[in-house]
Amino acid sequence: MSENTNISTNELEARLQKVENIKKRDGVVWKDKFERSHTIKDARELADETPVVLAGRVTALRWLGKLMFGRIYDIEGEIQFSMSREELGEEDYKFMKANVDLGDFIGITGTLYHTTAGELTVRVSKYVILSKALRPLPEKYHGLADMETRYRQRYLDVISNPDSRNALLGRFKMTQNLREFMNEHGFLEIETPIMQNVASGAAARPFMTHHNALDIDFQLRISPELFLKEAIGAGFDKVYEVAKDFRNEGMDAMHLQEFTMIEWYAAYWDYKKNIEFTWALVQNLIQKARGTLQIEYQGTKLDFSKYEMIDYTAKMNEFFGCNILDFDNVDTLRQKLVDEGMFPMSELEDLKSLPTLVDYVYKRKIRDKIIQPTFLYNYPTYMVPLARHNDKDDRCLDMYQLLVAGAELSKGYSELVNPIQQLHAFEEQAKNIADGDEEAFNPDNDFVRAMEHGFPPISGVGVGIDRLACIVFDQPTLRDVILFPMMK
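These numbers come from a predicted model, not from an experiment. (Residues numbered from 1 in each chain as written. Predicted model: local features only at pLDDT ≥ 70, side-chain atom pairs only at ≥ 80, totals over all residues. Heavy atoms only, no water.)

Peer 1: Tell me about the nonpolar core, residues and numbers included.
Peer 2: Counting residues in each nonpolar core, the largest one holds 46 residues, and the members touching the most others are Tyr312, Met316, Phe320, Val358, Leu376 and Val384. At five residues, helix α13 (residues 354-365) tops the list of elements feeding residues into this core. For phenylalanine 320, the contacting residues outside a window of four places in its chain are Leu333, Lys336, Leu337, Met342 and Val361. Judged by nonpolar contacts, the second largest core, of 44 residues, contains Ala167, Leu178, Phe277 and Leu478. (Core = buried A, V, L, I, M, F, W, Y, C linked by side-chain atoms within 4.5 Å. Buried < 20%, exposed > 50% of the residue type's maximum accessible area, 1.4 Å probe, protein only. Helix = DSSP H or I, 4+ residues; strand = E, 2+ residues; numbered from the N terminus. Contact = heavy atoms within 4.5 Å.)

Peer 1: Account for the packing of aromatic side chains, with residues named and values stated.
Peer 2: Inspection of every chain in the model, using the stated rule, returns 16 aromatic pairs. Ring centres 5.3 Å apart and planes at 65° place the aromatic pair tryptophan 269 and phenylalanine 277 in the edge-to-face group. Across the pair, exposure class does not vary: tryptophan 269 and phenylalanine 277 are buried alike. In textbook terms, an aromatic cluster arises when at least three aromatic residues are bridged by ring pairs, as seen for Phe181, Phe187, Trp264, Trp269 and Phe277. (Phe/Tyr/Trp six-rings, centres within 6.5 Å; stacked < 30°, edge-to-face > 60°.)

Peer 1: I'd like a description of the sheet that holds strand β18 (residues 458-464), backed by residues and values.
Peer 2: Pairing within the open sheet is mixed, and its eight strands lie in the order β6-β10-β11-β18-β17-β16-β15-β14. For this open sheet the edge positions go to β6 (188-189) and β14 (308-311), each flanked by a neighbour on one side alone. Where strand β16 (residues 396-404) and strand β17 (residues 407-414) come together, six bridges link them in antiparallel fashion. Looking at the pairing, leucine 402 lines up with serine 410 of β17. Sheet contacts for helix α7 (residues 162-184): β6, β10 (238-246) and β11 (258-267); angle to β10, the most-contacted strand, approximately 150°. The strands that helix α10 (residues 312-320) touches are β14, β15 (374-380) and β16; relative to β15, the one it contacts most, it runs at about 75°. (Pairing = 2+ DSSP bridges. Axes fitted to C-alpha atoms, helices over the stretch in contact; angles between N-to-C directions.)

Peer 1: An account of the environment of proline 476 is needed here, citing residue identities and associated values.
Peer 2: Of note, proline 476 is situated in the segment after α16 (465-472). Separated by 90 residues in the primary sequence, proline 476 and leucine 386 have C-alpha atoms spaced 32 Å apart.

Peer 1: Lay out the sheet that holds strand β3 (residues 77-84) in plain terms, naming residues and giving numbers.
Peer 2: As summarised here, the arrangement of the five strands in space is β1-β2-β3-β5-β4, forming a closed barrel in which the pairing is mixed. This sheet shows a mean twist of 55° between the axes of neighbouring strands, independent of strand direction. When strand β2 (residues 67-74) meets β3, the two strands line up antiparallel, connected through eight bridges. Along β3, the bridge assignment pairs aspartate 74 with glycine 77.

Structure follows, in structure tokens:
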């Protein structure tokens, strides 16, 4: 047995004795298989008197002399079953009572009926003990209260907490629906490397690892963006990847170092086309998950039947009291914020580049006030070195972000496919890194070389699946929609 943290010696000894009893009767305690006629979910749709063979974990047992009621569970539902001494026979009835505990897995054969209280039930004619649990369910199946235990022993949380179970099951079905939506719209799911020579595609500090066989250091990807765009250059016109990304940055309710995104790229699209596509995708996922576009998130009503549009640069100019496009020096803009009394110098002095400074101000003063679904667009060119410059104003990008309840759900833009501009943008990022900006984009010369061979017009989008799941299933933190979250 592993370390004995939640089971008494007496209970362990009692369950081990039951193991011996089952072994003596059945020969094998932990069976190799069991043929079911239906899942519990499917069985709940059948008519009374339908014969069924079901299996699941025992989550309730109530003995009433010659009659007992219990419940079995799987990830999509529970169902009540009943056993009587007359139908099972004295020996099997007593063996069940003496040797089956909460947490055990059993298979049952019987017919469906409704009790006088109106509950669908399986009248059991035969049972099989499939697997013996040596540890009990938490708090006699009343659930886990301690958050640390809930996250570390997520399997117990899922069994005992319907809210956790529904959120996690919903999240994985949402990802399945997401793939179906992308496939139906002509996108092809491809794979790109997680270990990369240069982790680029976003402003973030990467994790480092060492490849022993090659004896070189690699970085864990912070985004699959550059490789996906190279795939577009190879001729794959519409591609996507449901990707695990890794960013070595701070943790809070909406940020974890390991997270899941979907990124997609389409040749010959622009960012306006992707705004429409992103919105259609989000509406589709919410409608399928919740059955309505009006949902509630942490006490706030959200309406996904419509969205607002905000010009990012105009909004920032309004706050700064000047045109942020006129600045090309971080020190000058930082000093203006200090002189105007908006921030103390001590709060801004570690922000080493214009994009870092402007983004910091946006997140501190504007982002959290955006509650209803909103697309922000028209960003300064220095914010993202991979986005296409606007044809009418070269100082702005053809880029957008979708915000809901102060959370950034997606970012998309018309991609920069001009290799001359791309090389210059990477040179600016290298300068920012040299000036101490640890979250600047890492330049990737191989990517520039691929672009020099020719890229078509492209537009791409990234959507944070974990964040979207929080909104859709009304969960307060990313950990609540991740089955096995990272723990200290």
